[in-house]
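Tertiary structure, described
Each chain, letter by letter, is given below.
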Amino acid sequence: MATHMRPLYLMAEVEGIMVNKVMVDTGVAVNVITTRTMGLRGIPRSMIQTTSLTVKNFNGQVSRTLGLLFLRVKVGPVSRPTPNSTLKPELSLAGPFPRKIYR
């Protein structure tokens, strides 16, 4: 059997907006969205629920998130709210965090 080494992408609807490539990563511990992406998608910052959550990037740097943002994600017939940790763009650029919503 051949080993599968390519990422899996799906089309999903996020808060009513179709996203052509949502990366599926079953090993991820946290979903990340930047405030820049929120602004591009028209998602108000008032939707962020303040938390004291911190995340560590691949370089080991720790960043405090702005909080959690619950976004309704629909894939096929399944729709559910999905928690996303919200970061400022400059924090996500300090390490290799993705610039898109993924689940």
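Further up the page is the structure itself.
These remarks concern the structure in this document. (Residues numbered from 1 in each chain as written. Predicted model: local features only at pLDDT ≥ 70, side-chain atom pairs only at ≥ 80, totals over all residues. Heavy atoms only, no water.)

**Quick word on the overall build of the chain**
Scanning the chain from terminus to terminus reveals 2 helices and 7 strands. Each helix (α) and strand (β) of the chain, taken in turn from the N terminus, gives the series β-β-β-α-β-β-β-β-α. Counting the 103 residues in the chain, one finds 31% classified as buried. Considering only contacts within the chain whose residues lie at least 6 apart along the sequence, 49% involve residues at least 24 apart. (Helix = DSSP H or I, 4+ residues; strand = E, 2+ residues; numbered from the N terminus. Buried < 20%, exposed > 50% of the residue type's maximum accessible area, 1.4 Å probe, protein only. Contact = heavy atoms within 4.5 Å.)

**Digging into the packing of aromatic side chains**
Enumeration according to the criterion identifies 0 aromatic pairs in this entry. Sitting over the face of the ring of tyrosine 9, lysine 21 holds its NZ or CZ atom 5.8 Å from the ring centroid. (Phe/Tyr/Trp six-rings, centres within 6.5 Å; stacked < 30°, edge-to-face > 60°. Lys NZ or Arg CZ within 6 Å of the ring centre and 35° of its normal.)

**Thoughts on the nonpolar core**
One finds Ala12, Val14, Val19, Val22, Ile33, Met38, Ile43, Ile48, Leu69, Leu71 and Val73 forming the largest nonpolar core, which totals 11 residues. For this core, the secondary structure elements donating two or more residues are β1 (8-14), β2 (17-24) and β6 (67-75). Top element by residues in this core is β6. It accounts for 3 residues. When neighbours within four sequence positions are excluded, methionine 38 is seen to be in contact with Ile33, Ile43, Pro44, Arg45, Ile48, Leu69 and Thr86. (Core = buried A, V, L, I, M, F, W, Y, C linked by side-chain atoms within 4.5 Å.)

**Observations concerning the pairing of β6**
As paired strands, β1 and β6 are joined by 2 bridges and run antiparallel to one another. Looking at the pairing, valine 14 lines up with valine 73 of β6. With 9 bridges joining them, β6 and strand β7 (residues 78-87) adopt antiparallel strand pairing. Considered in β7, the bridge of valine 73 is made with arginine 80. Once β6 ends, the chain turns through 2 residues before running back antiparallel as β7, passing glycine 76 with a positive phi of about 60°. (Pairing = 2+ DSSP bridges.)

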